[in-house]
There are 2 protein chains.
Amino acid sequence: MLRIAVDMDEVIADALGEHISRYNREFNAELEKAHFMGKHFRDAIPAEHREAAFRLVHTRDFFANLEVMPGAQEVLRNLSSEHEVFITTAAMEVPLSFEAKYQWLLTHFPFLPPMNFVFCGDKSIIRADYLIDDNARHFKTFIGTGILFDAPHNRDVRGYQRVRNWFEVNELFSRQQVAV
Amino acid sequence: MLRIAVDMDEVIADALGEHISRYNREFNAELEKAHFMGKHFRDAIPAEHREAAFRLVHTRDFFANLEVMPGAQEVLRNLSSEHEVFITTAAMEVPLSFEAKYQWLLTHFPFLPPMNFVFCGDKSIIRADYLIDDNARHFKTFIGTGILFDAPHNRDVRGYQRVRNWFEVNELFSRQQVAV
């Protein structure tokens, strides 16, 4: 049995999609995910919009209604029958997000025990065999093996095993096949 | 440099004191800490009060105004100059507590980086050299060394190094002396 730590934003929850929607409404823009290839959000918008764009995320409800990433539920349900799955999210970067993130996990991942939810900042504190994350910076101090979950902003990051979607995660870890 | 993980309730925050105050107000009682020696809160009160006593803790503000345990600030400020200090609290057991706990840490431990705060449930996920905690059950799966912080409920627990207060923690870890 492996212990697999899984990030939330851009891995199981589509935070970028929600950020783009809110940005487009706020600035009457028509950005799409393709616009953010190889870039973090703040670097892909006009400098004068950055502060407002930051504030769009730092609200109590931003994380309440995020879409689930395709296949995340089916694959994590499958993996959690064989392995220990922990959700490890850098929630300390967005302190208003705690309750919304907790409720979102209960709603969309009811098969994971809440005792396996971890809200942290510095992920070097996590003891696990694998960390599936879209931010490679966490892998530098992580004790286990980092697996880079493909996201627009990390398209140019090299040096880590990359998975493009949850179907590929399932292939990596599971001896059972699962429909996603 | 060591990494020292530190629990919140009964270790740096006097949750039992607040629980007793609220219980006494609710039931017009006059309990004191001495009443809880060797017992968890629920086992030291009449069975018919247990549900109400549980609800006293599960509020948004319970954790907002807890007293700091004597010496915790001075000793952690001192230890954090030599070691890595993380606050690791089983907040998932009380999901309404997230914001109050975060604000309380910012207020009383402003010298600790919020990226070192961890809200978790199962503490086996914590990678650290030491865990200072009043609940010995976390030590069973913790990878490092558990240090039992003395509390009324754990008075009869054996098998772990016990510290009676923050002055003793300081003696254990620090090469500098500190006034507490």
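Look up a bit, the structure's there.
Residues numbered from 1 in each chain as written. Chains lettered and ligands numbered in written order. Predicted model: local features only at pLDDT ≥ 70, side-chain atom pairs only at ≥ 80, totals over all residues. Heavy atoms only, no water.

Enquirer: Whenever I open this one, the relation of the copies chain B and chain A confuses me. Can you help?
Expert: Under the fitted operation, chain B is carried onto chain A by 0.0 Å of movement along the axis and a turn of 180°, and the coordinates agree to an RMSD of 0.0 Å. The transformation just described matches what one would write down for a two-fold rotation axis. Here 100% of the contact residues of chain B are again contact residues in chain A; the copies associate through an equivalent surface. (Least-squares fit on C-alpha atoms with pLDDT ≥ 70 in both. Contact = heavy atoms within 4.5 Å.)

Enquirer: How do you make sense of the packing of helix α3 (residues 72–82) of chain B against helix α5 (residues 166–173) of chain B when you look at a structure like this?
Expert: Angle between the axes and distance between the axes are the two parameters that describe a pair of packed helices. Residue and element names in this part refer to chain B. Orientation of α3 relative to α5, taken along the N-to-C sense of each, is 15°, at an axis distance of 9 Å. Comparing the axis directions of α3 and α5 gives the class roughly parallel. Classified by chirality, the crossing of α5 by α3 is left-handed. Judged by residue contacts, A72, V75, L76, N78, L79 and E82 of α3 engage W166, V169, N170 and F173 from α5. Of the residues assigned to the contact of α3 with α5, the class counts are 7 nonpolar, 2 polar and 1 charged. (Axes fitted to C-alpha atoms, helices over the stretch in contact; angles between N-to-C directions. Helix = DSSP H or I, 4+ residues; strand = E, 2+ residues; numbered from the N terminus. Parallel < 35°, antiparallel > 145°, perpendicular 65-115°, else oblique. Left-handed = near helix turned anticlockwise from the far one by under 90°. Nonpolar A, V, L, I, M, F, W, Y, C, P; charged D, E, K, R; others polar.)

Enquirer: Hey, could you run me through helix α1 (residues 15–27) of chain B in this one?
Expert: Residues and elements named next belong to chain B. In this model α1 runs 18 Å from its N-terminal to its C-terminal C-alpha over 13 residues, within 8% of the 18 Å that 1.5 Å per residue would give. Listing the buried residues of α1 in full gives A15, L16, G17, E18, H19, I20, R22, Y23 and N24. Close packing links the buried residues of α1 with α2 (50–57). Downstream of α1 by one or two residues, N28 has phi in the positive range, about 50°. (Expected span 1.5 Å × (residues − 1). Buried < 20%, exposed > 50% of the residue type's maximum accessible area, 1.4 Å probe, protein only.)

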